[in-house]
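Chain by chain, the residues run as shown.
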Amino acid sequence: MNRVELQNMAQAETERQNAFRCRLLCCASTPCLSSGSTAVSEAMKQALTDGNLDAEVEVVATGCMGPCSRGPLVTVKMPGQEDVVYEKVTPEVAKEIVAKHVTQSKPVSENVLPADMPFFVKQKKVVLANSGQIDPERLEDYVARGGYAALAHALREMTPEEVCATLTKSGLRGRGGAGYPTGIKWDLVRKSEGDKKYVVANGDEGDPGAYMDRTMMESDPHRLLEGMAIAGYAVGADQGYLYVRGEYPIAAQRLQRAIRAAERRGLLGSRVLESNFNFRIDVRIGAGAFVCGEETALMASIMGRRGQPVPRPPYPSERGLWGKPTLINNVETYGSIAPIILNGPEWFSGIGTEKSKGTKIFALAGNIDTTGLIEVPMGITLREIVYDIANGIPDGYAFKAAQTGGPSGGCIPSQFLDTPVDYESLGALGSIMGSGGLVVMDERSCMADVAKYFIEFCMDESCGKCVPCRVGTVQMHRLLERITDGSATFEDLETLEELCVLVRDTSLCGLGQNAPNPVISTLRYFREEYEAHIKERRCPAGACEMNRIPVQELNTNSRVYSQNGAQAEPAQA
Amino acid sequence: MPVVTLTVNDELVSGQSGQSLLSLLKELGIEMPTLCHLEGLSDRGGCRLCMVELQGSKRLFAACVTPVQEGMVVYTHTERLNNYRRMILELLFAERNHVCAVCVQNGHCELQTQAAKNGMDSVRYDYLVPDLPMDASHERYVLDHNRCILCTRCVRVCDEIEGAHVWDLMGRGVNSRVIAGLNQPWGDSDSCTKCGKCVQVCPTGALTLRGSTVAEMEKQHDFLKWILTGREKKQWDYS
Ligand SMILES: Cc1cc2nc3c(=O)[nH]c(=O)nc-3n(C[C@H](O)[C@H](O)[C@H](O)COP(=O)(O)O)c2cc1C
Ligand code: SF4
Ligand code: SF4
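Caption draft 1: Spotlight on helix α4 (residues 153-162) of chain B. Residue and element names in this part refer to chain B. Of all the residues in α4, the buried ones are R153, C154, V155, R156, V157 and C158. On the buried face of α4, the contacting elements are α3 (110-117), β8 (167-170), β9 (177-180), α5 (197-201) and β10 (207-209). The first or second residue beyond α4 is G163, which carries a positive phi of 75°.

Have a look at this one:
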């Protein structure tokens, strides 16, 4: 396929779509599938057949539309009219949509989400622009919305240096957590000497509760492939690997199909778009270890070795897969590439704050009215996210803290609700932007308990290579257990704080180095809550069962040391 | 190889470009605590004892996996580092069952030596007392997981020097364990050449020669009866 054929494909598909009187988009992403969207689309198709509307109306299985807690979601598209989004669609409602909205142009009022809802209005969709709009299994649908035009443009009009320079100018930073400038990273790999180079997409996404990358892969797989191909051209690689977390079978399957479809049309493989550029992509499936999201462990896993980090330097840009220069970026980072090439770096850097450009996808979870997936411009305040987009905290409870960055991040208390969400501001508060998990907690959450949860996660996910992370997290977890069950002393708190510093400073990889963050940040803002657990043996939030007492106090005459994991007996009332 | 100049503990020194900081420090006679490092094997930076401070960086660096660089300013024994080293050793002692008094390696153990040298005289953390087995299936050697510190010297020597790759790791985090073959009894491993290299490089009493472990010493009192019978009755039984 060449450029002209690509344009023809886009045009033919647009005409095909416009021929329908109405298109019913039904979300087929994991959250909606699990709330029953398959039955919904079946019901719609049946109703259309029954009404003899098959030829005029099309049912499309799309990717994620956003407000996942309100699923299954259906969008009704009619030419010349605003899209209408329905929430909580059952097969019955689906039939009604066909009967009333499609046939009589009268929306079924109860389930319609208002178009001016802050959830939609406050978002800015760049990476997720196609998500919920196209059928991820149809290459034509992507091409009709400008797909692969950026790759075609880069191959024909730009040198690899220019591609890197464009990204540097756009201010795009890595979305996988650390926020390293993407253009600079690409340029490093481009300049690295090597007869062979690799491009890797990190779709391991291990943060509990986060599903930004899964959504991107499920909803718009070709966008990711296009970004990787542009990367391959820019750095001089002809092989890409897409590392997908093992728990994401739908994403892996859609990506594999997308790769085959793109190869058949000459958009990947040999002589991409009839140029001299060759680029193949293979999918590699992870086996469920958080640490394999760390880039050096991920590469070890791709090479078939035990997924353990190795010390850097050398960085992957010098010596990566099989010792060759390797570019590794997050899935969302690759998703931002095509729009930057098409719209120019100035357009992208016009969005966001001084040092954090563009948009960021967040997975909203916790004690909020609407959970789901959002894409917002950098610099939006936490307050806008919590109270406008997520529609606040239900049942009249008060906001307590927002947790960003998952097990590597921290908690942000209410006095900082007006902080702009960008790399620098969140870092200054002791949290991190992270990959995009955002959990809102109300006054019923105990911060020591939250910290314990994350330490337990890191303890279970530690690879075991280095001593401070392997054993330090276990000891930290024990101390937090004591604090949350009432058997801790102030000495324990001191030991915990010392361990936080040790594990942070001496661990080999980011997992261990960041593991203490949830403890450090909750101690910074909620110290009195920890102290109440120890001094008054009381959990202010009422979340912890305080049913044990310190071992020393069991027998006041002779000091008994808590050793060998011995637990004190429950306090006698 | 070009020479590089750097500062170590406020003294100007020179090293070969490409060499690891740890090897230079050793050449300089600076005693660096190490456990997973062993000269002749690849370095992995796992035990974190050889960490040093580099001026201009907030991070600490494991000397074994850090190449020397022109202009580096290195500190090897600051109070902070010494303190971290003690804590790491405490964590190791708390992790498994390191009871020196009943260990074959008592007095020749690198973990014990490091504890003594670094002033680690007590453990403030909970002993985790995991319930770990021993593998005595091999005709010549014994593996006691209770003493293993997961340094992977055995894994590396078997792979890199003997070329047999009998050893590897399974599990993760604190549940990691060295395994022979595909997690089978060591004695059943077809690839083990019985060379004993792993036993010789193991820093602790985790890998030992059969017959030398605690409780394996058998005393024979029979000689007494034999001598007395011989002397008293002039009957010397040489059968
Ligand atoms: C323990 C750990 C887990 C990580 N998990 C992920 C992950 O799931 N996805 C990801 O993109 N990056 C993850 N990272 C960050 C990667 O190491 C790497 O920085 C990133 O993929 C680079 O891409 P970027 O520059 O586009 O952000 C993780 C890092 C650590 C230390
Ligand atoms: S910090 Fe933890 S996860 Fe990272 S290498 Fe060390 S033990 Fe493994
Ligand atoms: S058995 Fe010995 S050499 Fe092997 S990992 Fe354990 S302590 Fe190290």
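Following the structure, the description resumes.
Caption draft 2: Spatial organisation of the interface of chain B and chain A. Taken together, the 32 residues of chain B in the interface contact 36 residues of chain A. Here chain B and chain A share an interface that buries about 2,800 Å² over both sides, 55% of which is from carbon and sulfur atoms. Counting the surface chain B buries against chain A, the share from its top three residues, L91, D126 and R172 of chain B, is 23%. At the junction of chain B and chain A, the tally comes to 6 salt bridges. Of the charged contacts, one joins R470 of chain A and E95 of chain B as a salt bridge, the two residues approaching to 2.8 Å between their closest N and O atoms.

Caption draft 3: Region of interest: the environment of P377 of chain A. By secondary structure assignment, the location of P377 of chain A is in strand β11 (residues 372-377). Considered as a pair, P377 of chain A and M459 of chain A are 82 residues apart in the sequence and their alpha carbons are 34 Å apart.

Caption draft 4: Focus on the pairing of strand β1 (residues 3-8) of chain B. Residues and elements named next belong to chain B. Sheet topology note: the β1/strand β2 (residues 11-16) ladder contains 6 bridges and is antiparallel. Of the residues in β2, the one forming a bridge with L6 is V13. Here β1 hands over to β2 after 2 residues, with N9 in that stretch at a positive phi of 45°. Across 2 bridges, β1 lies against strand β5 (residues 73-75) in parallel orientation. Bridge assignment links T7 to a residue of β5, and that residue is V73.

Caption draft 5: Main features of the domain arrangement of chain B. Residue and element names in this part refer to chain B. Here chain B is partitioned into domain 1 (3-77) and domain 2 (97-223). Taken over C-alpha atoms, the centre of domain 1 sits 28 Å from the centre of domain 2. Each partner contributes to the interface: domain 1 provides 13 residues, whereas domain 2 provides 16 residues. Both faces combined, the contact of domain 1 with domain 2 buries some 1,100 Å², and carbon together with sulfur accounts for 52% of it. It is L35, L41 and R44 in domain 1 that bury the most area against domain 2; as a group they hold 49% of the surface buried on that side. Counting the contacts that link domain 1 with domain 2 gives 1 salt bridge. Where K117 meets E31, a salt bridge forms, and the shortest distance between an N and an O atom there is 2.7 Å. Tallied by class, the residues present in the side of domain 1 that touches domain 2 amount to 6 nonpolar, 4 polar and 3 charged.

Caption draft 6: Structural context of the sheet that holds strand β7 (residues 141-144) of chain B. All names here are of chain B. Strand order in the open sheet formed by 3 strands is β6-β7-β10, with antiparallel pairing between adjacent strands. Each end of this open sheet is capped by a strand with a single partner; those strands are β6 (134-135) and β10. Sheet analysis places β7 next to β10, joined by 3 bridges and oriented antiparallel. Looking across to β10, one finds that V142 is bridged to T208.

Caption draft 7: Representation of the pairing of strand β9 (residues 326-330) of chain A in the model. Residues and elements named next belong to chain A. Counted residue by residue, β9 has 5 buried out of 5 residues, so it is predominantly covered. The alternating pattern of β9 places T326, I328 and N330 and L327 and N329 on opposite faces, both of which are buried. Taken together, the 5 bridges between strand β6 (residues 198-203) and β9 define a ladder with parallel strand orientation. Its bridge partner being in β9, A201 is matched across the sheet by N329.

Caption draft 8: Structural context of the packing of aromatic side chains. Residues and elements named next belong to chain A. Inspection of the entire model under this criterion finds 15 aromatic pairs over all chains. Residues F277 and F279 carry aromatic rings whose centres are separated by 5.8 Å and whose planes lie at 15° to one another, so their mutual orientation is stacked. Taking relative accessible area as the criterion, F279 reaches 0% and is therefore assigned buried. Between the aromatic rings of F290 and F457, the centroid separation amounts to 5.1 Å while the plane-to-plane angle is 70°, which identifies the pairing as edge-to-face. Residue F290 is found in the loop between β8 (280-285) and α13 (295-302), and its partner F457 is found in helix α19 (residues 447-461); the two are separated by 167 residues along the sequence.

Caption draft 9: Molecular detail of the pattern of salt bridges. Residue and element names in this part refer to chain A. Considering all chains together, one arrives at 49 salt bridges over all chains under this definition. Between E157 and R156 there is a salt bridge, and its shortest N-O distance comes to 3.8 Å. Here D442 and R444 are joined by a salt bridge, their closest N and O atoms 2.6 Å apart. Taking relative accessible area as the criterion, R444 reaches 40% and is therefore assigned partly exposed. Among the charged side chains, a network of salt bridges with common partners joins E13, R16, R23, E58, R138, E140 and R265.

Caption draft 10: Quick peek at the packing of helix α21 (residues 490-506) of chain A against helix α2 (residues 79-95) of chain B. Contact pair α21 of chain A / α2 of chain B: the axes reach a minimum separation of 11 Å and the direction vectors enclose 100°. Between α21 of chain A and α2 of chain B, the interaxial angle falls into the category roughly perpendicular. Two secondary-structure elements touch here, α21 of chain A through E498, L499, V501, L502, D505 and T506 of chain A and α2 of chain B through R80, Y84, M87, I88 and L91 of chain B. Of the residues that constitute the contact of α21 of chain A with α2 of chain B, the class distribution is 7 nonpolar, 1 polar and 3 charged.

Cut-offs used in this document
- Residues numbered from 1 in each chain as written.
- Chains lettered and ligands numbered in written order.
- Predicted model: local features only at pLDDT ≥ 70, side-chain atom pairs only at ≥ 80, totals over all residues.
- Heavy atoms only, no water.
- Buried < 20%, exposed > 50% of the residue type's maximum accessible area, 1.4 Å probe, protein only.
- Helix = DSSP H or I, 4+ residues; strand = E, 2+ residues; numbered from the N terminus.
- Contact = heavy atoms within 4.5 Å.
- Buried area = accessible area lost by both parts, 1.4 Å probe.
- Salt bridge = Lys/Arg side-chain N within 4 Å of Asp/Glu carboxyl O.
- Pairing = 2+ DSSP bridges.
- Domains from an automatic or database assignment.
- Nonpolar A, V, L, I, M, F, W, Y, C, P; charged D, E, K, R; others polar.
- Phe/Tyr/Trp six-rings, centres within 6.5 Å; stacked < 30°, edge-to-face > 60°.
- Axes fitted to C-alpha atoms, helices over the stretch in contact; angles between N-to-C directions.
- Parallel < 35°, antiparallel > 145°, perpendicular 65-115°, else oblique.

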